[in-house]
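Survey of secondary and tertiary structure
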Amino acid sequence: MDDKLQFIVDERARLEREGLLVNIRTVESPQDAWITVDGKKVLNLCSNNYLGLANRQRLKEAAKKAIDRYGVGPAAVRSIAGTMSLHNELEEKLARFKRVEAAISFQSGFNSNIATIPALVGKQDIIFSDELNHASIIDGCRLSGAPIVRFEHCNASSLEQKLRDNFSPGTGRRALVITDGVFSMDGDIAPLPQLVEVAERYNAMVMVDDAHGEGVLGEGGRGAVDHFHMHGRVDVEIGTLSKAFGVVGGFVAGRKVIVDHLRQKGRPFLFSSAVPPADVAACIEALNILESSDDLVKRLWSNTGYFKERMKQAGFDTGNSETPITPVLLGEAQTAQEFSRRLFEKGVFAMALGFPTVPLGKARIRVMISATHSEQDLDFGIEKFIETGRELGVV
Ligand SMILES: *Cc1c(COP(=O)(O)O)cnc(C)c1O
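Since this is a predicted model, take the numbers as computed values, not measurements.

Attention shifts here to the site of the ligand. The environment of the ligand is formed by 14 residues, the closest being G109, F110, D209, T240 and K243. One of the side-chain N or O atoms of H134 is found 3.4 Å from a nitrogen atom in the ligand. For the ligand, an oxygen atom lies 3.3 Å from a polar atom in the side chain of S242. Within the complex, the protein chains bury 86% of what would otherwise be the 380 Å² of accessible surface of the ligand. Taken together, the residues of the shell around the ligand break down into 2 nonpolar, 9 polar and 3 charged.

Of note, A278 is situated in helix α12 (residues 277-292). Look at A278 and you get buried, because its relative accessible area is 13%. When the C-alpha positions of A278 and I67 are compared, they lie 5.6 Å apart, and in sequence the two are 211 residues distant. With residues up to four places along the chain from it excluded, the contact list for A278 reads A63, A66 and I67.

The omega torsion across F355 and P356 is 5°, close enough to zero to call that bond cis. In this fold, P356 is placed in the loop between β12 (351-353) and β13 (363-368). At C154, a residue that is not glycine, the phi angle is positive and equals roughly 55°. Summarising the element assignment, C154 is placed in the loop between β5 (148-151) and α7 (156-166). Among the residues examined, C154 registers a relative accessible area of 22% and is labelled partly exposed. At H229, a residue that is not glycine, the phi angle is positive and equals roughly 55°. When you line up the elements, H229 lands in the loop between α9 (224-227) and β8 (236-240).

Parameters at a glance
- Residues numbered from 1 in each chain as written.
- Predicted model: local features only at pLDDT ≥ 70, side-chain atom pairs only at ≥ 80, totals over all residues.
- Heavy atoms only, no water.
- Near = heavy atom within 4 Å.
- Polar contact = N/O pair within 3.5 Å; in protein donor to acceptor, adjacent residues only side chain to side chain.
- Areas by Shrake-Rupley, 256 points an atom, 1.4 Å probe, with all protein chains shown as cover.
- Nonpolar A, V, L, I, M, F, W, Y, C, P; charged D, E, K, R; others polar.
- Helix = DSSP H or I, 4+ residues; strand = E, 2+ residues; numbered from the N terminus.
- Buried < 20%, exposed > 50% of the residue type's maximum accessible area, 1.4 Å probe, protein only.
- Contact = heavy atoms within 4.5 Å.

Structure (structure tokens):
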């Protein structure tokens, strides 16, 4: 190997040694309760397809129709010629569903964060960010150039103390408080009423990334802000269309003045091509389904309750999860990887997550429950967890 690239070889060897190498498997079937992975049919316990919309007939038909009507590519960024009537329709529907003044869509949730944060604060301002916030929030914060103060996870007193020590309102300097709505590795929910109450006292803007709350929490899956009845007190929400909505894309929902500002300043909106019509049409159909019935959301929650209860009875530590995201805490990364490998052999696909996705020593298998799972599916998964747990001396 070329000397100047030796650092990559060394880094890969380190990841392998520490059980942190990402093992990328290939899915060879549609996303459903059971999928074919690397040639093997397995129970799917690791997708974000909370409501089973990723392979739903109505969404597929909407996408096919949109291709016939609008073609496959947007051929431009949104601000030049890439805004099609479908994009506008999606944004109007999203605003209504989320019960906010306005919404703007992006290519992904990741892009939504890196568009929004630098549009709200700059290097003269300050950000207060939950220490376990998602990587795309962290990158958005860094991109803004604003100093970042981390407050303790889900702790409003810590936020208050950090604000008191670092920020005085009324000087023209802006403050932005950012939190995940649902934390993607632990499945716990941010205490929005307490965080917002503190932020209001300091006249700080509040942003909630609700990627794992949408389609899951609140009335009919309207998200974490709806769950806490905090409409109008959270300035801006980030969402994704790739998790419960089952398709791809992201969006920003909230105060109209912010949404309009992003049409002028959101860099991924201005400099990266629009989402293709087929995907946008499928997202619109997902919203139609959610608006017409909460059956899927209810099903997701009854599956979640059932799985968690049985896993706890079996002696597994599922942390502080309050949502369908169910971490099974195992400690060392090597144990989690071996656990996942054995589960796969037994026909269960559940991913091991280690540092830096989660803190050191907190490696886990993260189980994602879906409305598509039947009770027999969950029983099969639980049985294989117990078998493997006994083999490895975890339970
Ligand atoms: C998944 C996720 C994102 C990224 O969403 P994509 O649409 O997949 O880019 C952003 N924020 C949080 C909290 C997430 O969990």
